[in-house]
Amino acid sequence: MDTSYRIATIPGDGIGTEVVPAAVDVLERAGSRFGIRFEWSELEWSCEYYARTGRMMPENGLDVLREHDQIFLGAVGYPGVPDHVSLWGLLIPIRRAFRQYVNLRPVTLLPGVESPLREVPAGGLDFVVVRENNEGEYSEVGGRLYRGTPQEAAIQESVFTRRGVERVMRYAFDLARSRKSRLASATKSNGIIHSMPFWDEIFRELGAEHPDVKTSDYHIDALAALFVLDPTRFDVVVASNLFGDILTDLGAAIIGSIGFAPSANLNPEREFPSMFEPVHGSAPDIAGTGRANPIGQVWAGAMMLEHLGHADAATAVMGAVSHVLAETGVRTRDLGGTASTQEMTAELLKALDQEV
Ligand code: NAI
Ligand code: MG
(Lines give C-alpha, C1' and ligand atoms only; values in the text may rest on other atoms or scores of the structure.)
(Ligands and ions follow the chains in the order given, each with its own letter.)
Protein backbone atom coordinates (compact mmCIF):
# COMPACT_ATOMS: atom_id res chain seq x y z
CA MET A 1 0.00 0.00 0.00
CA ASP A 2 1.29 3.41 -0.90
CA THR A 3 0.55 6.10 1.64
CA SER A 4 1.11 9.75 0.91
CA TYR A 5 1.50 12.68 3.30
CA ARG A 6 1.70 16.41 2.82
CA ILE A 7 4.45 17.73 5.06
CA ALA A 8 5.20 21.42 5.55
CA THR A 9 8.90 21.98 6.19
CA ILE A 10 10.12 25.14 7.89
CA PRO A 11 13.93 24.95 7.90
CA GLY A 12 14.03 28.39 9.61
CA ASP A 13 17.39 29.89 10.47
CA GLY A 14 21.03 28.96 10.88
CA ILE A 15 21.70 25.24 11.05
CA GLY A 16 17.96 24.59 10.60
CA THR A 17 18.58 25.09 6.89
CA GLU A 18 21.36 22.49 7.02
CA VAL A 19 19.80 19.72 9.11
CA VAL A 20 16.28 19.82 7.63
CA PRO A 21 17.38 18.88 4.08
CA ALA A 22 19.59 16.16 5.59
CA ALA A 23 16.68 14.69 7.53
CA VAL A 24 14.35 14.99 4.52
CA ASP A 25 16.81 12.84 2.54
CA VAL A 26 16.77 10.23 5.29
CA LEU A 27 12.96 10.24 5.49
CA GLU A 28 12.69 9.97 1.72
CA ARG A 29 14.97 6.93 1.78
CA ALA A 30 12.98 5.34 4.62
CA GLY A 31 9.77 6.18 2.75
CA SER A 32 10.90 4.43 -0.40
CA ARG A 33 11.67 1.32 1.63
CA PHE A 34 8.33 1.25 3.42
CA GLY A 35 5.95 2.49 0.73
CA ILE A 36 5.45 5.95 2.22
CA ARG A 37 5.34 8.98 -0.06
CA PHE A 38 5.96 12.51 1.16
CA GLU A 39 4.89 15.67 -0.58
CA TRP A 40 7.11 18.34 0.95
CA SER A 41 6.21 22.04 0.83
CA GLU A 42 9.13 24.12 1.93
CA LEU A 43 8.21 27.38 3.63
CA GLU A 44 10.87 30.07 3.90
CA TRP A 45 9.57 31.53 7.16
CA SER A 46 12.52 32.65 9.26
CA CYS A 47 14.31 35.67 10.64
CA GLU A 48 15.45 36.46 7.12
CA TYR A 49 11.81 36.44 6.04
CA TYR A 50 11.10 38.77 8.98
CA ALA A 51 13.81 41.16 7.86
CA ARG A 52 12.13 41.34 4.44
CA THR A 53 8.47 41.39 5.45
CA GLY A 54 8.26 42.45 9.10
CA ARG A 55 6.60 39.12 9.99
CA MET A 56 7.93 35.69 10.87
CA MET A 57 5.21 34.11 8.76
CA PRO A 58 2.55 35.56 6.47
CA GLU A 59 -0.81 36.57 7.89
CA ASN A 60 -2.44 33.42 6.52
CA GLY A 61 0.49 31.28 7.74
CA LEU A 62 -1.58 29.10 10.06
CA ASP A 63 -4.12 28.45 7.27
CA VAL A 64 -1.31 27.36 4.98
CA LEU A 65 -0.02 24.95 7.63
CA ARG A 66 -3.49 23.59 8.41
CA GLU A 67 -3.61 22.10 4.93
CA HIS A 68 -0.70 19.82 5.73
CA ASP A 69 -0.65 16.55 7.59
CA GLN A 70 2.38 17.43 9.73
CA ILE A 71 4.99 20.15 10.18
CA PHE A 72 8.73 19.49 10.14
CA LEU A 73 10.69 22.38 11.59
CA GLY A 74 14.40 23.10 11.96
CA ALA A 75 14.98 26.09 14.24
CA VAL A 76 14.10 29.74 14.27
CA GLY A 77 16.02 32.60 15.81
CA TYR A 78 19.00 34.58 14.67
CA PRO A 79 21.08 37.50 15.92
CA GLY A 80 19.46 40.72 14.72
CA VAL A 81 15.91 39.64 15.54
CA PRO A 82 15.09 39.49 19.27
CA ASP A 83 14.44 35.90 20.35
CA HIS A 84 11.00 36.70 21.76
CA VAL A 85 9.98 38.05 18.33
CA SER A 86 11.03 34.90 16.48
CA LEU A 87 9.50 32.60 19.10
CA TRP A 88 6.20 34.44 19.51
CA GLY A 89 5.92 35.17 15.78
CA LEU A 90 6.12 31.57 14.65
CA LEU A 91 6.62 28.67 17.05
CA ILE A 92 4.26 29.64 19.84
CA PRO A 93 1.32 30.55 17.56
CA ILE A 94 1.73 27.18 15.81
CA ARG A 95 1.90 25.23 19.07
CA ARG A 96 -1.18 27.02 20.40
CA ALA A 97 -3.40 27.28 17.32
CA PHE A 98 -2.97 23.57 16.62
CA ARG A 99 -3.40 22.59 20.28
CA GLN A 100 -0.03 20.90 20.37
CA TYR A 101 -0.23 20.78 24.12
CA VAL A 102 2.19 17.90 24.55
CA ASN A 103 5.86 18.43 23.91
CA LEU A 104 7.39 14.99 23.99
CA ARG A 105 11.15 14.87 24.51
CA PRO A 106 12.88 11.50 24.85
CA VAL A 107 16.11 11.34 26.84
CA THR A 108 17.71 8.20 25.46
CA LEU A 109 21.42 7.53 25.30
CA LEU A 110 22.10 6.10 21.85
CA PRO A 111 24.43 3.11 21.43
CA GLY A 112 28.11 3.97 21.10
CA VAL A 113 27.65 7.48 22.48
CA GLU A 114 29.47 8.67 25.55
CA SER A 115 27.47 10.52 28.16
CA PRO A 116 29.25 13.25 30.13
CA LEU A 117 28.00 11.45 33.24
CA ARG A 118 30.91 9.54 34.73
CA GLU A 119 28.90 6.45 35.44
CA VAL A 120 26.09 5.38 33.20
CA PRO A 121 24.29 2.38 34.66
CA ALA A 122 23.88 -0.76 32.59
CA GLY A 123 20.78 -0.39 30.50
CA GLY A 124 21.75 3.19 29.74
CA LEU A 125 19.52 6.22 29.96
CA ASP A 126 15.99 5.96 28.68
CA PHE A 127 13.23 8.20 29.89
CA VAL A 128 10.82 10.73 28.43
CA VAL A 129 9.93 14.25 29.43
CA VAL A 130 6.37 15.37 28.73
CA ARG A 131 6.44 19.15 28.67
CA GLU A 132 3.23 21.19 28.82
CA ASN A 133 3.35 23.17 25.60
CA ASN A 134 0.45 25.65 25.52
CA GLU A 135 0.29 27.60 28.77
CA GLY A 136 2.07 27.92 32.11
CA GLU A 137 4.95 30.33 32.40
CA TYR A 138 4.97 31.13 28.66
CA SER A 139 2.21 33.69 28.79
CA GLU A 140 1.59 37.10 27.32
CA VAL A 141 -0.20 38.25 30.45
CA GLY A 142 1.70 41.03 32.14
CA GLY A 143 3.38 44.21 31.12
CA ARG A 144 6.06 46.80 31.59
CA LEU A 145 5.50 49.83 33.75
CA TYR A 146 7.30 53.14 34.13
CA ARG A 147 9.66 52.40 31.28
CA GLY A 148 12.91 54.27 31.46
CA THR A 149 12.38 55.54 34.98
CA PRO A 150 13.96 54.36 38.22
CA GLN A 151 10.63 52.72 39.17
CA GLU A 152 10.64 50.66 35.99
CA ALA A 153 9.02 47.26 36.52
CA ALA A 154 8.06 44.14 34.61
CA ILE A 155 5.20 41.81 35.53
CA GLN A 156 4.90 38.38 33.98
CA GLU A 157 1.98 36.13 34.93
CA SER A 158 1.77 32.37 34.60
CA VAL A 159 -1.45 30.76 33.45
CA PHE A 160 -2.38 27.27 34.62
CA THR A 161 -5.86 26.01 33.75
CA ARG A 162 -7.43 22.83 35.05
CA ARG A 163 -8.14 21.75 31.50
CA GLY A 164 -4.59 22.49 30.37
CA VAL A 165 -2.89 20.76 33.28
CA GLU A 166 -5.21 17.77 33.24
CA ARG A 167 -4.86 16.98 29.58
CA VAL A 168 -1.07 16.99 29.56
CA MET A 169 -0.98 14.92 32.74
CA ARG A 170 -3.47 12.41 31.33
CA TYR A 171 -1.20 12.03 28.31
CA ALA A 172 1.76 11.45 30.65
CA PHE A 173 -0.13 8.84 32.71
CA ASP A 174 -1.09 6.97 29.54
CA LEU A 175 2.46 7.11 28.26
CA ALA A 176 3.77 5.82 31.61
CA ARG A 177 1.32 2.90 31.36
CA SER A 178 2.79 1.98 27.98
CA ARG A 179 6.31 2.01 29.49
CA LYS A 180 7.41 1.14 33.04
CA SER A 181 4.39 2.71 34.77
CA ARG A 182 6.41 5.30 36.66
CA LEU A 183 5.54 8.98 36.48
CA ALA A 184 7.38 11.83 38.17
CA SER A 185 6.00 15.36 38.34
CA ALA A 186 8.14 18.50 38.42
CA THR A 187 6.83 21.02 40.91
CA LYS A 188 7.98 23.97 42.99
CA SER A 189 5.05 24.28 45.35
CA ASN A 190 7.26 25.48 48.18
CA GLY A 191 8.19 28.72 46.42
CA ILE A 192 5.44 29.21 43.83
CA ILE A 193 2.42 29.18 46.07
CA HIS A 194 -0.59 29.37 43.75
CA SER A 195 0.05 27.62 40.47
CA MET A 196 2.29 24.82 41.71
CA PRO A 197 0.05 23.58 44.57
CA PHE A 198 -2.75 23.57 41.95
CA TRP A 199 -0.52 21.53 39.63
CA ASP A 200 0.23 19.12 42.52
CA GLU A 201 -3.46 18.75 43.43
CA ILE A 202 -4.39 17.77 39.90
CA PHE A 203 -1.46 15.35 39.77
CA ARG A 204 -2.70 13.69 42.97
CA GLU A 205 -6.29 13.48 41.69
CA LEU A 206 -5.17 11.81 38.49
CA GLY A 207 -2.78 9.60 40.43
CA ALA A 208 -5.79 8.25 42.35
CA GLU A 209 -7.43 7.41 39.02
CA HIS A 210 -4.30 5.54 37.90
CA PRO A 211 -3.38 3.33 40.84
CA ASP A 212 -1.26 1.12 38.59
CA VAL A 213 1.14 4.01 37.87
CA LYS A 214 3.73 4.71 40.55
CA THR A 215 3.81 8.48 41.02
CA SER A 216 6.28 10.78 42.70
CA ASP A 217 6.81 14.50 42.78
CA TYR A 218 10.01 16.46 43.10
CA HIS A 219 10.80 20.11 43.38
CA ILE A 220 12.31 21.16 40.09
CA ASP A 221 15.70 22.03 41.59
CA ALA A 222 16.11 18.62 43.22
CA LEU A 223 14.75 16.96 40.07
CA ALA A 224 17.41 18.67 37.97
CA ALA A 225 20.11 17.34 40.28
CA LEU A 226 18.69 13.81 39.99
CA PHE A 227 18.91 13.97 36.18
CA VAL A 228 22.66 13.98 36.80
CA LEU A 229 22.97 11.91 39.97
CA ASP A 230 20.37 9.18 39.45
CA PRO A 231 18.77 9.42 35.99
CA THR A 232 17.67 5.77 35.84
CA ARG A 233 15.05 6.35 38.50
CA PHE A 234 12.95 8.11 35.83
CA ASP A 235 10.55 6.64 33.29
CA VAL A 236 8.18 9.49 32.39
CA VAL A 237 8.54 13.01 33.79
CA VAL A 238 5.73 15.54 33.42
CA ALA A 239 6.56 19.22 33.72
CA SER A 240 5.21 22.69 33.06
CA ASN A 241 6.27 24.65 29.99
CA LEU A 242 9.32 26.37 31.49
CA PHE A 243 10.42 23.55 33.78
CA GLY A 244 10.14 21.06 30.93
CA ASP A 245 12.15 23.31 28.66
CA ILE A 246 15.01 23.63 31.10
CA LEU A 247 14.98 19.95 32.08
CA THR A 248 15.21 18.85 28.46
CA ASP A 249 18.31 20.88 27.66
CA LEU A 250 19.83 19.08 30.64
CA GLY A 251 18.41 15.84 29.26
CA ALA A 252 20.06 16.62 25.93
CA ALA A 253 23.37 17.25 27.67
CA ILE A 254 23.40 13.89 29.48
CA ILE A 255 22.72 12.00 26.25
CA GLY A 256 25.95 13.37 24.86
CA SER A 257 24.96 16.40 22.76
CA ILE A 258 22.20 18.91 22.25
CA GLY A 259 22.63 17.90 18.60
CA PHE A 260 20.85 14.60 19.32
CA ALA A 261 17.76 15.61 21.21
CA PRO A 262 14.44 15.43 19.35
CA SER A 263 11.04 16.78 20.20
CA ALA A 264 7.46 16.29 19.07
CA ASN A 265 4.81 18.97 19.55
CA LEU A 266 1.75 16.78 19.57
CA ASN A 267 -1.93 17.40 19.12
CA PRO A 268 -2.85 13.99 20.54
CA GLU A 269 -6.44 14.23 19.27
CA ARG A 270 -5.11 14.66 15.71
CA GLU A 271 -7.53 17.50 14.94
CA PHE A 272 -4.56 19.50 13.66
CA PRO A 273 -1.06 18.89 12.33
CA SER A 274 1.59 18.13 14.91
CA MET A 275 5.09 19.58 14.64
CA PHE A 276 8.42 17.78 14.86
CA GLU A 277 11.69 19.59 15.54
CA PRO A 278 15.00 19.11 17.32
CA VAL A 279 15.42 20.59 20.80
CA HIS A 280 18.39 22.65 19.69
CA GLY A 281 18.23 26.12 18.18
CA SER A 282 19.75 27.67 15.09
CA ALA A 283 23.33 27.54 16.50
CA PRO A 284 24.57 30.81 14.93
CA ASP A 285 28.09 29.99 16.17
CA ILE A 286 28.41 27.08 13.72
CA ALA A 287 25.80 28.01 11.10
CA GLY A 288 27.06 27.87 7.53
CA THR A 289 30.08 25.72 8.37
CA GLY A 290 28.43 22.37 7.57
CA ARG A 291 29.31 21.05 11.02
CA ALA A 292 25.86 20.58 12.55
CA ASN A 293 24.91 17.17 13.88
CA PRO A 294 21.81 16.15 11.87
CA ILE A 295 20.70 13.39 14.25
CA GLY A 296 18.33 15.50 16.40
CA GLN A 297 16.47 16.46 13.24
CA VAL A 298 16.52 12.91 11.91
CA TRP A 299 15.25 11.56 15.22
CA ALA A 300 12.46 14.18 15.15
CA GLY A 301 11.65 12.74 11.72
CA ALA A 302 11.47 9.26 13.23
CA MET A 303 9.01 10.60 15.80
CA MET A 304 6.93 11.98 12.92
CA LEU A 305 6.91 8.55 11.25
CA GLU A 306 5.80 7.03 14.54
CA HIS A 307 2.99 9.59 14.89
CA LEU A 308 1.88 8.85 11.33
CA GLY A 309 1.56 5.19 12.30
CA HIS A 310 4.73 3.93 10.61
CA ALA A 311 6.52 2.42 13.59
CA ASP A 312 8.43 0.07 11.28
CA ALA A 313 9.93 2.96 9.31
CA ALA A 314 10.68 4.89 12.51
CA THR A 315 12.49 1.85 13.89
CA ALA A 316 14.50 1.52 10.68
CA VAL A 317 15.59 5.17 10.85
CA MET A 318 16.64 4.84 14.48
CA GLY A 319 18.33 1.54 13.63
CA ALA A 320 20.41 3.37 11.03
CA VAL A 321 21.28 6.10 13.56
CA SER A 322 22.33 3.51 16.13
CA HIS A 323 24.34 1.59 13.56
CA VAL A 324 26.28 4.66 12.44
CA LEU A 325 27.01 5.74 16.01
CA ALA A 326 27.88 2.32 17.36
CA GLU A 327 29.71 0.79 14.40
CA THR A 328 31.23 3.34 12.05
CA GLY A 329 33.07 5.85 14.23
CA VAL A 330 31.67 8.65 12.04
CA ARG A 331 31.11 11.60 14.36
CA THR A 332 30.28 15.26 13.96
CA ARG A 333 32.35 17.79 15.86
CA ASP A 334 29.95 18.16 18.79
CA LEU A 335 30.83 14.48 19.47
CA GLY A 336 34.55 15.02 19.09
CA GLY A 337 34.71 13.85 15.47
CA THR A 338 35.42 15.61 12.20
CA ALA A 339 32.51 14.55 9.97
CA SER A 340 30.38 17.17 8.27
CA THR A 341 26.59 17.20 8.28
CA GLN A 342 26.68 15.77 4.77
CA GLU A 343 29.13 13.01 5.61
CA MET A 344 27.06 11.95 8.60
CA THR A 345 23.91 12.00 6.47
CA ALA A 346 25.57 9.92 3.76
CA GLU A 347 26.43 7.31 6.43
CA LEU A 348 22.84 7.29 7.65
CA LEU A 349 21.56 6.74 4.10
CA LYS A 350 24.04 3.94 3.56
CA ALA A 351 23.00 2.28 6.82
CA LEU A 352 19.33 2.52 5.83
CA ASP A 353 20.08 0.84 2.51
CA GLN A 354 22.04 -1.95 4.14
CA GLU A 355 19.55 -2.80 6.87
CA VAL A 356 17.68 -5.99 6.32
P1 NAI B 1 21.45 26.45 20.25
O2 NAI B 1 20.81 25.14 20.56
O3 NAI B 1 21.20 27.01 18.93
O4 NAI B 1 23.02 26.31 20.48
C5 NAI B 1 23.61 25.97 21.74
C6 NAI B 1 24.99 25.34 21.50
O7 NAI B 1 24.81 24.01 21.00
C8 NAI B 1 25.82 26.07 20.47
O9 NAI B 1 27.18 26.04 20.85
C10 NAI B 1 25.63 25.26 19.20
O11 NAI B 1 26.70 25.31 18.31
C12 NAI B 1 25.44 23.85 19.74
N13 NAI B 1 24.54 23.06 18.87
C14 NAI B 1 23.20 23.18 18.79
N15 NAI B 1 22.70 22.32 17.89
C16 NAI B 1 23.75 21.64 17.39
C17 NAI B 1 23.87 20.61 16.41
N18 NAI B 1 22.82 20.10 15.77
N19 NAI B 1 25.11 20.15 16.13
C20 NAI B 1 26.18 20.63 16.77
N21 NAI B 1 26.13 21.60 17.70
C22 NAI B 1 24.92 22.11 18.01
O23 NAI B 1 20.94 27.46 21.40
P24 NAI B 1 21.17 29.04 21.56
O25 NAI B 1 22.57 29.38 21.16
O26 NAI B 1 20.68 29.36 22.91
O27 NAI B 1 20.16 29.71 20.56
C28 NAI B 1 20.50 30.16 19.24
C29 NAI B 1 19.25 30.67 18.56
O30 NAI B 1 18.32 29.60 18.38
C31 NAI B 1 18.50 31.73 19.36
O32 NAI B 1 18.03 32.70 18.45
C33 NAI B 1 17.35 30.98 19.99
O34 NAI B 1 16.24 31.77 20.24
C35 NAI B 1 17.05 29.97 18.91
N36 NAI B 1 16.40 28.76 19.42
C37 NAI B 1 15.37 28.25 18.68
C38 NAI B 1 14.74 27.11 19.06
C39 NAI B 1 13.66 26.59 18.19
O40 NAI B 1 13.50 26.99 17.07
N41 NAI B 1 12.88 25.67 18.69
C42 NAI B 1 15.13 26.39 20.27
C43 NAI B 1 16.27 26.97 20.96
C44 NAI B 1 16.86 28.12 20.55
MG1 MG C 1 14.83 24.99 24.99
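Residues numbered from 1 in each chain as written. Chains lettered and ligands numbered in written order. Predicted model: local features only at pLDDT ≥ 70, side-chain atom pairs only at ≥ 80, totals over all residues.

**What about the overall build of the protein chain?**
Next up, step 1: Helix and strand counts for the protein chain come out as eleven helices and twelve strands.
Next up, step 2: In terms of overall size, the protein chain behaves like a compact globule, its C-alpha atoms giving a radius of gyration of 20 Å where 356 residues would be expected to give roughly 21 Å.
Next up, step 3: C-alpha extents for the protein chain along the principal axes are approximately 55 × 50 × 40 Å.
Next up, step 4: Split into buried and exposed, the 356 residues of the protein chain put 46% on the buried side.
Next up, step 5: Looking at the protein chain alone, contacts between residues at least 24 apart form 76% of all its contacts between residues at least 6 apart. (Helix = DSSP H or I, 4+ residues; strand = E, 2+ residues; numbered from the N terminus. Rg over C-alpha atoms; globule rule 2.2 N^0.38 Å. Buried ≥ 20, exposed ≤ 12 C-beta atoms within 10 Å, placed from the backbone. Contact = placed C-beta atoms within 7 Å.)

**Description of the site of ligand 1**
Next up, step 1: As a matter of local geometry, ligand 1 sits amid 22 residues, with Gly77, Gly259, His280, Gly281 and Asn293 nearest to it.
Next up, step 2: Across the shell around ligand 1, the residue classes break down as eleven nonpolar, seven polar and four charged. (Near = placed C-beta within 6 Å. Nonpolar A, V, L, I, M, F, W, Y, C, P; charged D, E, K, R; others polar.)

**Some remarks on the sheet that holds strand S5 (residues 126-132)**
Next up, step 1: Across the sheet, which stays open at both edges, the ten strands sit in the order S2-S1-S3-S12-S11-S4-S5-S10-S8-S9 with mixed pairing between neighbours. In this open sheet, the two strands that pair with only one neighbour each are strand S2 (36-42) and strand S9 (214-219). The average undirected angle you get between the axes of adjacent strands in this sheet is 25°.
Next up, step 2: Bridge count between strand S4 (residues 102-108) and S5: seven bridges; the pairing is antiparallel. (Pairing = 2+ DSSP bridges. Axes fitted to C-alpha atoms, helices over the stretch in contact; angles between N-to-C directions.)

**Details of the UniProt feature "domain: Isopropylmalate dehydrogenase-like" (unreviewed entry) in the protein chain**
Next up, step 1: In the numbering used here, UniProt assigns the "domain: Isopropylmalate dehydrogenase-like" (unreviewed entry) feature to residues 6-348.
Next up, step 2: Counted over residues 6-348, helix gives 41% and strand 20%. Its end C-alpha atoms are 24 Å apart. (UniProt positions renumbered as here; feature names shortened; annotations may be inferred.)

**Considerations on the environment of Leu308**
Next up, step 1: With respect to the helices and strands, the residue Leu308 is situated in the loop between helix H9 (295-307) and helix H10 (311-328).
Next up, step 2: Using a count of 18 C-beta atoms within 10 Å as the deciding quantity, one classes Leu308 as partly exposed.
Next up, step 3: Residues within four places of Leu308 in sequence aside, it is in contact with Tyr5 and Gln70.

**Side note on the domain arrangement of the protein chain**
Next up, step 1: Under the domain assignment, the protein chain is made up of domain 1 (1-113 + 258-356) and domain 2 (122-254).
Next up, step 2: Taking only C-alpha atoms, the centre of domain 1 and the centre of domain 2 are 24 Å apart.
Next up, step 3: Each partner contributes to the interface: domain 1 provides 20 residues, whereas domain 2 provides 23 residues.
Next up, step 4: Of the residues assigned to the side of domain 1 that touches domain 2, the class counts are twelve nonpolar, four polar and four charged. (Domains from an automatic or database assignment.)

**Focus: the nonpolar core**
Next up, step 1: Core analysis: the largest hydrophobic core is formed by 100 residues, its most contacted members being Val130, Val237, Val317 and Val321.
Next up, step 2: At nine residues, the largest contribution of residues to this core is made by H10.
Next up, step 3: Residue assignment places this core across two domains, with domain 1 (1-113 + 258-356) and domain 2 (122-254) each supplying three or more.
Next up, step 4: Those residues within four positions of Val237 in sequence are excluded, and the remaining contacts are Phe127, Val129, Val130, Ala184, Ala186 and Leu247. (Core = buried A, V, L, I, M, F, W, Y, C linked by C-beta atoms within 7 Å.)

**Structural notes on H9**
Next up, step 1: Its 13 residues give H9 an end-to-end C-alpha distance of 18 Å, which sits within 8% of 18 Å, the value for a rise of 1.5 Å per residue.
Next up, step 2: Among the 13 residues of H9, twelve are classified as buried, and the element is accordingly described as predominantly covered.
Next up, step 3: Residues of H9 that are buried: Ile295, Gly296, Gln297, Val298, Trp299, Ala300, Gly301, Ala302, Met303, Met304, Leu305 and His307.
Next up, step 4: Its buried side turned inward, H9 meets helix H1 (16-34), strand S3 (70-75), strand S11 (262-266), strand S12 (274-278), H10 and helix H11 (341-354). (Expected span 1.5 Å × (residues − 1).)

**Let's talk about H10**
Next up, step 1: The terminal C-alpha atoms of H10, which comprises 18 residues, lie 25 Å apart, in line with the 26 Å expected from a rise of 1.5 Å per residue.
Next up, step 2: Of all the positions in H10, only Ala313, Ala314, Ala316, Val317, Met318, Ala320, Val321, Val324 and Leu325 are classed as buried.
Next up, step 3: Looking one or two places after H10, you find Gly329, whose phi comes out positive at around 75°.

**So, the environment of Ala184**
Next up, step 1: Considering the arrangement of structural elements, one finds Ala184 in strand S8 (residues 182-187).
Next up, step 2: Owing to 24 C-beta atoms within 10 Å, Ala184 belongs among the buried residues under this scheme.
Next up, step 3: Setting aside residues no more than four positions away along its own chain, Ala184 makes contact with Ser216, Asp217, Tyr218, Phe234 and Val237.

**Focus on the packing of H1 against H10**
Next up, step 1: H10 packs onto H1 with a crossing angle of 130° between their chain directions and a minimal axis gap of 10 Å. By the angle class used here, H1 and H10 are oblique. Where H1 crosses over H10, the handedness of that crossing is right-handed. Of H10, the residues touching H1 (which contributes Val26, Ala30, Arg33 and Phe34) are Asp312, Ala313, Ala316 and Val317.
Next up, step 2: Along the lines of polarity and charge, the residues of the contact of H1 with H10 split into six nonpolar, no polar and two charged. (Parallel < 35°, antiparallel > 145°, perpendicular 65-115°, else oblique. Left-handed = near helix turned anticlockwise from the far one by under 90°.)

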